[in-house]
Amino acid sequence: MPTYLPLQKYQNIQEAFMKNISVLIGGKAGDGINSAGALVAQLLNHIGYHIYLYFDYPSLIRGGHNFAIIRGSDESIGTCWKTLDFLLALNSETVEKHRDKCTNETAIISNADQVKSAGQGIPVKAVLAGVNAPAIMGNSAIIGGFAKTAGIEWNVVEDVFKRHIPKGVDLNLKVAKAAYDQLETVHPVSRGVKPPYPLLTGNEAIGLGMVNGGLDAYVSYPMTPSSSLLHFLAEEKEKLGITVVHPESEIAVILMALGFAYTGKRSAVGTSGGGFCLMTESLSLAGMAEIPLTLLVSQRTGPSTGLPTYTGQSDLHFVLNAGQGEYPRLIVAPGDALEALYWSEVAMNMAWKFQIPAFILSDKTLSEGTYSVDPAAISEPGSGDSPRWTGAVPYLRYADVPGGVSPLAFPGMKDAVVRANSYAHDETGITTEDASTVARMTDKRLRKGGMLADEMRGYPGVNVSGIPGSSTALFCWGSTKGVCNEIAALLGLRVVRPVVLSPFPVDQLKEALTGVRKLISVEENATAQLAALAERYGIIADEKILRYDGRPFLPDDLLVRVKEMVV
Amino acid sequence: MTGRQIITDTQNTWCPGCGNFSIQHTLKNILTEIEQSGKSLDDVVLVTGIGCHAKIADYLNINTFYSIHGRTLPVATAIKLGNPHLTVICCSGDGDSYAEGLDHLIFAAKRNIDITLIIHNNRVYGLTTGQYTPTSPLGFKGKSTPSGTAEYPFNPVELMLASGATYVARGYTKNMELLKNLIKEGMAHKGFAFIDVLQICATFFPVADYYTPRVYELTDHDRSSFEAACIKAREWDYSRDSRIALGTFFQRSLPCFDDTMAVKGMEQKDRRQAVRDLLLTRS
């Protein structure tokens, strides 16, 4: 007998797929694939599906091939299978590149001006001319054609367009309707039962979690895949009551965040590996000066410039160890948008509760993927802050208190002389080289690490999913949550996924691994960084499945690789 | 706090004859005047880099942010953005702001953030014991350039004019009355105030005998004229022998970064509601 069994829930993979729908839309860079994909996602959202959208694009502005895969499911998801139900081709390259994902069942809807004899063609130019619409509205014709092909009622298209097209909705609807009326319903999709949920990218969820955690100021320099958070918060800053600054470099970014925090404003920064390299000098300053700071580090394929628009999980050890000297830090790696909302708020709160750097470690897959977020599932982690100065003079910014967390005061408070200092310093914040003071203040800072570890035991730092009783477990972190969960469900495996990576939740992890005889690490890096981290605590991965070509694991491929190990 | 002791009890470790004493004394007098005028020193913040200049953070009994080398201005900028009621002074060295943190200097000027920057320009690295800086004269023999530098200094006054600073001045630690006036003017100026202070390094570059006969105060100078400022700024290029103008080269009024960037804050419960409202628009 193999150690894996098809799941209780489905008899086989085919049945599982009956509750799934997969749509790929592709075209040239500059064709607006991402926004067209977002509209397709909303159509599926409005007929009752959970959504995951994966957006794939090269690092250029015009001309390369862009595509988005939108998957709807009856369950919460975070990955896309290879096989397509619908292929929406804005050009013939899309058909050629994705032919391997098509079956006889796949419905192809194409721009007939660009693609000859592939599925149902829409004469986009003629459709636009018929209603006097500009070329920029061409994608609405494709989306209208898709809706008809899939049997999505016209009123759903109207609703979605009215809610999600900011300008020219009436004309876009005319374009969509013209195409809708030309096509046949060849691949009707069943309707789900759930109401539409908010769709958020991982970065948007991280930003909203930060705001829920009291964000006053977001500072960032553009770097894929963190930039969309900068764009989102800059766009929404008035509504959310936050300051957003884009300064000259990542060096200035982190220094500004520290300046804001010194005045009592909760601040955060966002970057990717290369930008974070520039920040490490001031990360250490935050550690020494005990200034609260929240950082989004969204990983892409490295080293160096690497693949700017593709994913990876190769910066875990860098973030764990960045910056000279020894000081505590929090690192959380949420697995999807819902978790990103929750853990980003936790990160903000812990940064302020312990006056430490708190990292949200993401990657391209999470940051730029779009997820359904069930409003009823959003939980608030509770607040976290440092005690405030009581007014006793002189103010001791670095008072050596039992837990190590000195009460905070801010400049402008009456009679407080507030000193932040990058040098070794005494309790008032004045520079010292006195040996015993240096050692005592080091102990004080490290005590906060112990307090943080105690605090984090109260949070769900290790996630167990799949079949909790299985003796074979996939061991993963971050955005591979979605793909690992599906493979585990199909093969009857347990998934053990630490969300908190520093302080390492060794007790929670050991408990989660109780009864596991075979531990398979699944990571998007070449050296199994989580497995290496766990090994320090005596937790050994028996097998390693690694991918490091910039692409996220596809369930199809991971299924094959895991099967090889569990048979 | 009123009637505060403005100098801390911390042991002062500047060399005898160091120009930093003059800058500290000047700031002490200005802070005393601020307090005497009825304003609170609780609203004053000093940001420093790393170097001999930066020890002033330990010596002045006010709010201080003792940052790292070259990294004063972004901190000071965000302090002003975070709390616009604060008066923010930045003390920085020539190694600090002209070498390691040059980009921050140019951007602070470009943004016209309402802070005052005092450069303790002794034209040598003191704390690291005598290497050339961006304003050392051509041929300067330091520990890293024993046969003399092979590069010209740049002219920080000209650089700041080109970068859009709205108050540009030069002082000298041996003319303390002028120095005090310049720093007071800089603090009163709404916008980015840049004051390059020729500061004597008693140990590694003791050039008072060179400066004193050459310096003169700008008179009959139209500080509102950018062209006049450029001509005066170019008179001495920090390398070749020339008269050295002291005083205010340029001043003009432009919108400040802190005013333009101001966003109305929000109660946390209102922010949470804003997040919920935003989520609703995404379904």
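Residues numbered from 1 in each chain as written. Chains lettered and ligands numbered in written order. Predicted model: local features only at pLDDT ≥ 70, side-chain atom pairs only at ≥ 80, totals over all residues.

1. Thoughts on the overall build of chain B
Then comes step 1: When helices and strands are counted, chain B shows eleven helices and eight strands.
Then comes step 2: Principal-axis analysis of the C-alpha atoms gives chain B an extent of 70 × 45 × 40 Å.
Then comes step 3: Looking at chain B residue by residue over its 283 residues, the buried ones come to 51%.
Then comes step 4: Considering only intrachain contacts with a sequence separation of at least 6, the fraction spanning at least 24 residues in chain B is 71%. (Helix = DSSP H or I, 4+ residues; strand = E, 2+ residues; numbered from the N terminus. Buried ≥ 20, exposed ≤ 12 C-beta atoms within 10 Å, placed from the backbone. Contact = placed C-beta atoms within 7 Å.)

2. Considerations on the overall build of chain A
Then comes step 1: In terms of regular secondary structure, chain A is built from 19 helices and 21 strands.
Then comes step 2: Scaling as 2.2 N^0.38, a compact globule of 567 residues should have a C-alpha radius of gyration of about 24 Å, and chain A matches this with 25 Å.
Then comes step 3: Principal-axis analysis of the C-alpha atoms gives chain A an extent of 80 × 60 × 40 Å.
Then comes step 4: The buried share among the 567 residues of chain A stands at 58%.
Then comes step 5: Considering only intrachain contacts with a sequence separation of at least 6, the fraction spanning at least 24 residues in chain A is 71%. (Rg over C-alpha atoms; globule rule 2.2 N^0.38 Å.)

3. A look at the sheet that holds strand β17 (residues 472–475) of chain A
Residues and elements named next belong to chain A.
Then comes step 1: Ordered by their spatial adjacency, five strands build an open sheet running β16-β18-β17-β20-β21, and the pairing between neighbours is mixed. With one partner strand each, in any of the chains shown, β16 (462–466) and β21 (543–546) form the two edges of the open sheet. Strand-to-strand, the axes of this sheet are offset by a mean angle of 25 degrees, without reference to chain direction.
Then comes step 2: One ladder, built from four bridges, connects β17 with strand β20 (residues 518–523); its direction is parallel. From the neighbouring strand, T472 faces β20, where its bridge partner is K518.
Then comes step 3: The strands touched by helix α19 (residues 555–566) are β17, β20 and β21; relative to β21, the strand with the most contacts, the crossing angle is about 165 degrees. (Pairing = 2+ DSSP bridges. Axes fitted to C-alpha atoms, helices over the stretch in contact; angles between N-to-C directions.)

4. So, the confidence of the model for chain A
Then comes step 1: The share of residues in chain A with pLDDT of 70 or more is 97%, and the mean pLDDT across the chain is 95.
Then comes step 2: In the model, residues 1–10 of chain A has pLDDT below 50 throughout and makes 17 contacts with residues more than four positions away in sequence or in other chains. (pLDDT = per-residue confidence, 0-100.)

5. Focus on the pairing of β20(A)
Residue and element names in this part refer to chain A.
Then comes step 1: Counted residue by residue, β20 has five buried out of six residues, so it is predominantly covered.
Then comes step 2: Of the pairings in the sheet, the one linking β20 to β21 comprises four bridges and is parallel in character. For I520, the partnering residue across the bridge sits in β21 and is E543.
Then comes step 3: Where the polypeptide runs from β20 across helix α18 (residues 529–535) and back to β21, its parallel neighbour, the crossover connection is right-handed. (Right-handed = clockwise from strand over helix to strand, strands pointing away.)

6. Some thoughts on the packing of helix α6 (residues 154–164) of chain A against helix α7 (residues 169–182) of chain A
All names here are of chain A.
Then comes step 1: The geometry of α6 relative to α7 is characterised by a closest axis approach of 10 Å and an angle of 155 degrees between their N-to-C directions. Our classification of the angle between α6 and α7 gives roughly antiparallel. In this structure, the crossing between α6 and α7 has a hand that is right-handed. Residue-level inspection shows W154, V157, E158, F161 and K162 of α6 in contact with α7, the latter providing V169, N172, L173, A176 and Y180. (Parallel < 35°, antiparallel > 145°, perpendicular 65-115°, else oblique. Left-handed = near helix turned anticlockwise from the far one by under 90°.)

7. Overview of the interface of chain B and chain A
Note on interface size: it is often stated as the accessible area lost on association of the parts.
Then comes step 1: Tallying the contact residues gives 44 residues for chain B and 52 residues for chain A.
Then comes step 2: Those elements giving two or more residues to the side of chain B that touches chain A turn out to be β2 (63–66), α3 (73–82), α5 (102–111) and α11 (268–280) of chain B.
Then comes step 3: A total of eight residues in the side of chain B that touches chain A trace back to one element, the largest contributor, which is α3(B).
Then comes step 4: Its residues assigned to classes, the side of chain B that touches chain A shows 21 nonpolar, 14 polar and nine charged.
Then comes step 5: Examined bridge by bridge, strand β15 (residues 419–421) of chain A and β2(B) share three bridges and lie parallel to one another. In the strand pairing of β2(B), A420(A) is matched with F65(B). (Nonpolar A, V, L, I, M, F, W, Y, C, P; charged D, E, K, R; others polar.)

8. Quick word on the confidence of the model for chain B
Then comes step 1: With 99% of its residues at a pLDDT of 70 or more, chain B has an overall mean of 97.
Then comes step 2: The ipTM assigned to the predicted complex is 0.98, against a pTM of 0.97.

9. Considerations on the domain arrangement of chain A
Residues and elements named next belong to chain A.
Then comes step 1: Domain parsing of chain A yields domain 1 (13–182), domain 2 (200–377) and domain 3 (462–566).
Then comes step 2: Look at where the C-alpha atoms of domain 1 and domain 2 centre, and you get two points 32 Å apart.
Then comes step 3: Contacts between the two partners involve 14 residues from domain 1 and, on the opposite side, nine residues from domain 2.
Then comes step 4: Taken together, the elements giving at least two residues each to the side of domain 1 that touches domain 2 come down to α2 (33–46) and β2 (50–56). (Domains from an automatic or database assignment.)

10. Looking at the environment of D100(A)
Residues and elements named next belong to chain A.
Then comes step 1: Along the chain, D100 turns up in the loop between α3 (92–97) and β5 (107–111).
Then comes step 2: Look at D100 and you get exposed, because 9 C-beta atoms sit within 10 Å.
Then comes step 3: Placed 18 residues apart in sequence, D100 and K82 show a C-alpha to C-alpha distance of 8.6 Å.

11. Quick look at the sheet that holds strand β3 (residues 65–73) of chain A
Residue and element names in this part refer to chain A.
Then comes step 1: Reading across from one edge, β6-β5-β4-β1-β3-β2-β14-β7 is the order of the eight strands in this open sheet, with mixed pairing throughout. Lying at the two open borders of the sheet, with one neighbouring strand each, are β6 (120–122) and β7 (199–201). The average undirected angle you get between the axes of adjacent strands in this sheet is 15 degrees.
Then comes step 2: In terms of strand pairing, strand β4 (residues 86–89) meets β5 through four bridges, oriented parallel. Residue pairing for β5: L88 is matched across the bridge by I109.

12. Describing α7(A)
Residue and element names in this part refer to chain A.
Then comes step 1: The end-to-end C-alpha distance of α7 is 20 Å, a good match for the 20 Å that 14 residues give at a rise of 1.5 Å each.
Then comes step 2: Of the positions making up α7, those classed as buried are N172, L173, V175, A176, K177, A178, A179 and Y180.
Then comes step 3: Residues of α7 that are buried in the fold lie against β6, α4 (124–130), α5 (138–149) and α6. (Expected span 1.5 Å × (residues − 1).)

13. A word on the environment of G48(A)
Then comes step 1: Mapping G48(A) onto the fold places it in the loop between α2 and β2.
Then comes step 2: Residues within four places of G48(A) in sequence aside, it is in contact with R191(A), G192(A), V193(A) and K194(A).

14. Quick look at the packing of α2(A) against α5(A)
All names here are of chain A.
Then comes step 1: Running from N to C, α2 and α5 cross one another at 25 degrees; their axes reach a closest spacing of 10 Å. One way to sum up the angle between α2 and α5 is to call them roughly parallel. Judged by the sense of rotation from one axis to the other, the crossing of α2 with α5 is right-handed. Of the residues in α5, those touching α2 at A36, L39, V40 and L43 are N139, I142, I143, F146 and A147.
Then comes step 2: In terms of residue class, the contact of α2 with α5 is made up of eight nonpolar, one polar and no charged.

15. Topic: helix α1 (residues 20–36) of chain B
Residue and element names in this part refer to chain B.
Then comes step 1: Between its terminal C-alpha atoms α1 stretches 24 Å, which fits the 24 Å expected from 17 residues at 1.5 Å a residue.
Then comes step 2: Within the span of α1, buried status applies to N20, S22, I23, Q24, T26, L27 and L31.
Then comes step 3: Considering only its buried residues, α1 is in contact with β1 (44–48), α2 (56–59), β4 (116–121), α7 (176–188) and β6 (193–198).
Then comes step 4: G38 occupies a position one or two residues after α1 and carries a positive phi of about 100 degrees.

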